[in-house]
Amino acid sequence: MNKPFLILKDTAGSLIIDECGNTLSAAEKPQELLNQRCLKHGSDINGRIASFRSLLGIKQKAAVLISEINDEIWFPTLSMKQKDCVWIRYDALMSVKAEKPNECDVISMKGFAYHLDTDRRVINEQMKRCRRFLDLLHREE
């Protein structure tokens with residue numbers, strides 16, 4: 001499997017979609033998968049969310065930094081408590097296209113497109129937050 005691009009909740013747990021559109025099912029919920037990835041890099045999802053919220057001064061739709069080494073960060077399209085929340089890997093997202101309000105296609109670095117019932121502005125705002133967070137994280141003090 002290529003670099004994971006999206007994580008969606010499904011009836012059995014999660015569906016992981018890579019940059020080329022290949023899918024893999026997992027028994028764990030999306031937050032559990034992200035927490036496992038966080039733990040491999042020395043923290044847990046709660047600590048990562050707290051850091052994001054603290055540095056940016058936001059409370060809603062916090063992104064999750066998996067690794068500072070390769071800037072792997074995932075952001076939600078909705079509140080992570082909502083069943084329709086999709087997690088997108090920031091560094092695997094190339095662009096967002098929309099022809100209708102409240103709908104968009106997210107396009108991976110490898111050209112795979114996935115349709116979301118989410119306004120393009122939400123995705124663009126989440127991308128800006130991730131960039132700002134990474135800038136703050138890597139700023140020399």
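Refer to the preceding data block for the structure.
Residues numbered from 1 in each chain as written. Predicted model: local features only at pLDDT ≥ 70, side-chain atom pairs only at ≥ 80, totals over all residues. Heavy atoms only, no water.

Side note on the environment of Y114
Rules: Strands here mean DSSP runs of E at least two residues long; helices mean DSSP runs of H or I at least four residues long; both are numbered from the N terminus. Whether a residue is buried, partly exposed or exposed follows from its accessible area with a 1.4 Å probe, protein chains only, as a fraction of its type maximum: under 20%, in between, or over 50%, in that order. Contact between two residues is taken to exist if any of their heavy atoms lie within 4.5 Å; hydrogens are not considered.
By the element assignment, Y114 lies in strand β9 (residues 113-116). Given the relative accessible area of 23%, Y114 is considered partly exposed. Taking C-alpha positions, Y114 is 8.3 Å from G21, a pair spaced 93 residues apart along the chain. Leave out the neighbours within four places in its chain, and Y114 touches L6, L8, I17, C104, D105 and V106.

Quick look at the pairing of strand β6 (residues 86-89)
Stated precisely, the cut-off is as follows: The pairing criterion for strands is at least two bridges between them, as found by DSSP.
Here β6 shows a buried face lined by V86 and I88 and a second buried face lined by W87 and R89. Looking at chain direction, strand β1 (residues 4-10) and β6 are connected through three bridges and run antiparallel. Paired with I7 across the two strands is W87, which belongs to β6. The sheet contact formed by strand β5 (residues 72-76) and β6 spans three bridges and is antiparallel. In the sheet register, W74 faces β6, and the bridge partner there is R89.

Some thoughts on the pattern of salt bridges
As a reminder of what qualifies: Only one rule defines a salt bridge in this text: a Lys or Arg side-chain nitrogen within 4 Å of an Asp or Glu carboxyl oxygen.
Taken as a whole and assessed by the stated rule, the structure comprises seven salt bridges. E125 is the salt-bridge partner of R129, the closest N and O atoms lying 3.9 Å from each other. Here E125 and R129 lie together in helix α3 (residues 120-138), a separation of four residues that amounts to about one turn. Owing to a relative accessible area of 14%, R129 belongs among the buried residues under this scheme.

Overview of the layout of surface pockets
Any empty space left between atoms is shown by rolling a water-sized probe over those atoms. What counts is decided by this rule: Computed over the protein atoms alone on a 1 Å grid, cavities are sets of points where a 1.4 Å probe fits but cannot get out and pockets are open sets with protein on both sides within 12 Å along at least five of seven lines; a residue lines them when it has an atom within 4 Å of a point. Grid points are joined across faces, edges and corners, and a volume is the space filled by probe spheres set on the points. Three residue categories are used. Nonpolar comprises Ala, Val, Leu, Ile, Met, Phe, Trp, Tyr, Cys and Pro, charged comprises Asp, Glu, Lys and Arg, and polar comprises the others, including Gly.
Here the largest pocket defines a volume of roughly 200 Å³. Ranked by residues supplied to the lining of the largest pocket, first place goes to helix α1 (residues 30-39) with three residues. For the lining of the largest pocket, the per-class residue count stands at seven nonpolar, two polar and two charged.

Some words on the sheet that holds β9
Note the following rule: Between the N-to-C directions of two axes lies an angle of 0 to 180 degrees, each axis being a line fitted to C-alpha atoms and, for a helix, fitted only over the stretch in contact.
Strand order in the open sheet formed by three strands is β7-β8-β9, and the pairing between neighbours is antiparallel. Only two strands of the sheet have a single neighbouring strand rather than two, namely β7 (93-97) and β9. With direction set aside, neighbouring strand axes in the sheet form an average angle of 25 degrees. Note that β7 and strand β8 (residues 104-108) share four bridges and pair antiparallel. The residue of β8 that forms the bridge with K97 is D105. Packing against the sheet, α3 makes contact with β7, β8 and β9, and its axis sits at approximately 150 degrees to β7.

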